[in-house]
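Observations on the three-dimensional arrangement
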Amino acid sequence: MAKFQEYLKNIFWVLLILQFAPSIFQSLSKQWSDHVEPKNKVGLVVINTMISGSTVLNKQFTKLFKDPEIKAILIKIDSGGGAAGSSDAIFKEILNLKQQYQKPVVAYAENVCASGAYQIACASDYIVATGSALMGSIGSRFPTIFKLKELVQNYKIQPHTIASSDYKGSLDPFTDFTDDQKKMLQSMVDDSNNQFVQAVAQQRHLNIADKSNWAEGKVFTGNEALRLKLIDEVGNQTTALNFIKKQILHADREIELVRIPGPSRFQQWLHPQEGEDDDLECRLATSFWQGFLNVVQNQSIRF
């Protein structure tokens, strides 16, 4: 009986070793490979959702820029844009970090890089996109505002809003727009749009006088964007990495992409201050109307 138990014990240890052996050998092999043939480390930041906050992305960019082993940064974008303020904050953070740490940045768009996402791409030194990618949509707008005054009147409902001024109630769905309210909202959108256009013109070396060709909310394919100088090259992710390897790093070493993982949804729920600044989903889940009004009252959206 004792021999049988010893036999089972040995089998257990053999199975345990076999379970972990592949990962151990893989780790040792990678360390040996990196020692014999060191790779150039390139930071990777992925933007593939609606842009509703800047905290998480800015933390990722900061860590990658500060890491002395990271030689360059690749931004992989698949987003139609989002909040104007957050897009602008990320755009300016990248420019500030580039100036401070002198690291090159390349952006790559595979499917969509529009509006606020395109503004972020403009902070890079080189933009690559596939020929069929949707690019541009340079412009600003408010979300659709529903006015329900006539609807509630049909049901003999009389909502009353008490505000400090007519402007404060501009987005009240149960009132009609006044001319002054419309002018105020249009002025806000125009100012946001002008900031966007100037940022793109400066970064892409475009003439603002010709903005009717490349701005005003127009969307272009990657091929059209190349013709308009909104991007630098048509290709894929390999194209972007080859540009980094040959034109920036001037080395034939293989590239190792390094990505800083963002917080999970559960972590953001537990510690919202460590997640996005403005979690639109949570606001809408808590109170649809309150969340909607908070968004449209405090920020324009770039889509």
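Right, let's walk through the structure included here.

Scoring rules and cut-offs
All residue numbers refer to position in the chain's written sequence, counted from 1. With pLDDT at 70 or above as the cut-off, local features in this predicted model cover only qualifying residues; side-chain atom pairs require 80 or more to be listed or tallied, and sums for whole chains, interfaces and linings still use all residues. The side-chain quantities take in all heavy atoms of the structure and omit both hydrogens and water. Any two cysteine sulfur atoms within 2.5 Å of one another count as a disulfide. Exposure classes here rest on a 1.4 Å probe applied to the protein chains alone. A residue is buried below 20% of its type maximum, exposed above 50%, and partly exposed in between. Within this document, salt bridges are pairs made up of a side-chain nitrogen of Lys or Arg and a carboxyl oxygen of Asp or Glu, the two lying within 4 Å of each other. What counts as a helix is a DSSP run of H or I of at least four residues, what counts as a strand is a run of E of at least two, and both are numbered from the N terminus. Definition of nonpolar core: a set of buried residues of the types Ala, Val, Leu, Ile, Met, Phe, Trp, Tyr and Cys, connected through side-chain atoms within 4.5 Å. For this analysis, residues touch if any pair of their heavy atoms sits within 4.5 Å. Identification of polar contacts relies on pairs of N or O atoms within 3.5 Å, with a donor-acceptor requirement for protein atoms, meaning one able to donate a hydrogen and the other able to accept it, and with residues adjacent in sequence counted only if both atoms are side-chain atoms. Paired rings are identified among Phe, Tyr and Trp, the last through its six-membered ring, by centres lying within 6.5 Å, and are further divided according to the angle between planes into stacked (under 30 degrees), edge-to-face (over 60) and tilted (the rest).

In the structure shown here, the tally under the stated rule is zero disulfides. Cys122 supplies the cysteine sulfur nearest to Cys113, a cysteine that is in no disulfide, at a spacing of 7.7 Å. On the basis of relative accessible area, Cys113 is assigned to the buried category, the value being 1%. By relative accessible area, which is 1% here, Cys122 ends up buried.

Summed over the entire model, instances satisfying the criterion amount to five salt bridges. With a closest N to O distance of 3.0 Å, Asp232 and Arg204 form a salt bridge. Note that Asp232 is positioned in the loop between α8 (222-227) and β8 (233-234) and Arg204 in helix α6 (residues 179-204), a separation of 28 residues in sequence. Classification of Asp232 as partly exposed rests on a relative accessible area of 29%.

Here we come to the nonpolar core. Grouped together as the largest cluster of nonpolar side chains are 44 residues, with contacts concentrated most on Phe61, Ile73, Tyr118, Met135, Ile138, Trp214 and Leu230. Where this core is concerned, the elements lending two or more residues are β1 (40-47), α2 (55-66), β2 (70-79), α3 (84-101), β4 (105-114), α4 (116-121), β5 (126-129) and α6. In this structure, Val42, Ala240, Leu249 and Ile255 belong to the second largest nonpolar core, which totals 15 residues.

Before going further, it helps to examine the environment of Asp172. With respect to the element layout, Asp172 can be found in the loop between α5 (149-154) and α6. With sequence-adjacent residues up to four places away left out, Asp172 is seen in contact with Lys147 and Thr161. Looking at Asp172, its side chain comes within polar contact range of the side chain of Thr161, at 2.3 Å.

Counted by the stated rule, this structure contains two aromatic pairs. Summarising the aromatic geometry, the rings of Phe65 and Tyr101 are spaced 6.4 Å apart at their centres and angled 35° between planes, so their arrangement reads as tilted. One end of the pair, Phe65, is in helix α2; the other, Tyr101, is in helix α3, with 36 residues separating them in the sequence. Phe65 sits in the buried class, given a relative accessible area of 1%. Ring plane angle 5° and centroid distance 3.6 Å describe the contact between Tyr126 and Phe243, whose orientation is recorded as stacked. One end of the pair, Tyr126, is in strand β5; the other, Phe243, is in helix α9 (residues 237-248), with 117 residues separating them in the sequence. Take Tyr126 and Phe243: they sit in the same class, and that class is buried.

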